Amino acid sequence: MTVRSRPLSPHIQIYRWTITMTMSIAHRATGIALYAGTALLVLWLGAAAISQQALNPVNDLFGSWFGQLVLFAYSWAILHHMLGGIRHFIWDVIIGMEPGKREALAWANLVGSIVLALLVWTIFVWVG
C-alpha cells in the first residue's frame, strides 16, 4: 500500500503570496507583539509605583538606543494593529471587497502605520 504525500488543505504551495495575506499575518503578529509591549508598560508603571530608585534603571533601559528601538516597534505595532482592525471592520460591512480595493486597503494599512509611527515619534522628539 502506497501513501501519497499531499497537502491536506490548500497551502502556500498552491496560493501565490499576496499583500492581503501578508497583512493578515502581520495583524496577528502585531497582536502577539502587543502582549510583550504591554508587559514593558506594566514594568515601567510598576517601577514608577515602587520608587524612584526602581524607576531609574527602567528609564535608563527605555532611554537607550535599544530601548528606543523597542518602543518604536511597539508604537508601530499598536498603530498597525489598529489600522488592521479598521480594515477588517470595513470588510465586515462588505466595503472594499473587490480585488483592487482589497489590495489598496492592505497597502494603506502598511503605509499608514509606518507614516503614523514616524509622525508620532517625530512629534515626541520635537516636543521633548
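Residues numbered from 1 in each chain as written. Predicted model: local features only at pLDDT ≥ 70, side-chain atom pairs only at ≥ 80, totals over all residues. Heavy atoms only, no water.

**Student:** Looking at this structure, how should I read helix H4 (residues 99-127)?
**Tutor:** Since the α-helix packs 3.6 residues into each turn, any two residues three or four apart lie on the same face. Taking 1.5 Å per residue, 29 residues should reach 42 Å; H4 reaches 42 Å between its end C-alpha atoms and fits that length. Those residues of H4 that fall on the buried side of the exposure criterion are Ala 106, Asn 109, Ser 113, Ala 117 and Trp 121. The secondary structure elements touched by the buried residues of H4 are helix H1 (19-50) and helix H3 (65-92). (Helix = DSSP H or I, 4+ residues; strand = E, 2+ residues; numbered from the N terminus. Expected span 1.5 Å × (residues − 1). Buried < 20%, exposed > 50% of the residue type's maximum accessible area, 1.4 Å probe, protein only. Contact = heavy atoms within 4.5 Å.)

**Student:** Quick question: what am I supposed to make of the packing of H1 against H4 here?
**Tutor:** Helix packing for two helices is described by the angle between their axes and how far apart those axes are. One way to put it is that H1 packs onto H4 with a least axis distance of 9 Å and a crossing angle of 45°. With respect to H4, the element H1 is oriented oblique. Judged by the sense of rotation from one axis to the other, the crossing of H1 with H4 is left-handed. Residues Ile 19, Thr 20 and Met 23 of H1 touch H4, and the partners they reach there are Arg 102, Glu 103, Ala 106, Trp 107 and Leu 110. Of the residues in the contact of H1 with H4, the class split is five nonpolar, one polar and two charged. (Axes fitted to C-alpha atoms, helices over the stretch in contact; angles between N-to-C directions. Parallel < 35°, antiparallel > 145°, perpendicular 65-115°, else oblique. Left-handed = near helix turned anticlockwise from the far one by under 90°. Nonpolar A, V, L, I, M, F, W, Y, C, P; charged D, E, K, R; others polar.)

**Student:** What am I meant to see in the side chain of Thr 18 here?
**Tutor:** Checked against the element boundaries, Thr 18 lands in the segment before H1. Accessibility expressed as a relative area gives 17% for Thr 18, which makes it buried. Side-chain polar atoms of Thr 18 contact the backbone nitrogen of Met 21, separated by 3.2 Å. (Polar contact = N/O pair within 3.5 Å; in protein donor to acceptor, adjacent residues only side chain to side chain.)

**Student:** Sorry if this is basic, but what is going on with the packing of H3 against H4 here?
**Tutor:** Viewed as axis vectors pointing N to C, H3 and H4 meet at an angle of 145°, and their least axial separation amounts to 9 Å. Every pair of crossing elements has a handedness; the one defined by H3 and H4 is right-handed. Residues Gln 68, Leu 71, Phe 72, Ser 75, Trp 76, Leu 79, His 80, Leu 83, Gly 84, Arg 87, Ile 90 and Trp 91 of H3 form the contact with H4, whose participating residues are Arg 102, Leu 105, Ala 106, Asn 109, Leu 110, Gly 112, Ser 113, Ile 114, Leu 116, Ala 117, Leu 118 and Trp 121.

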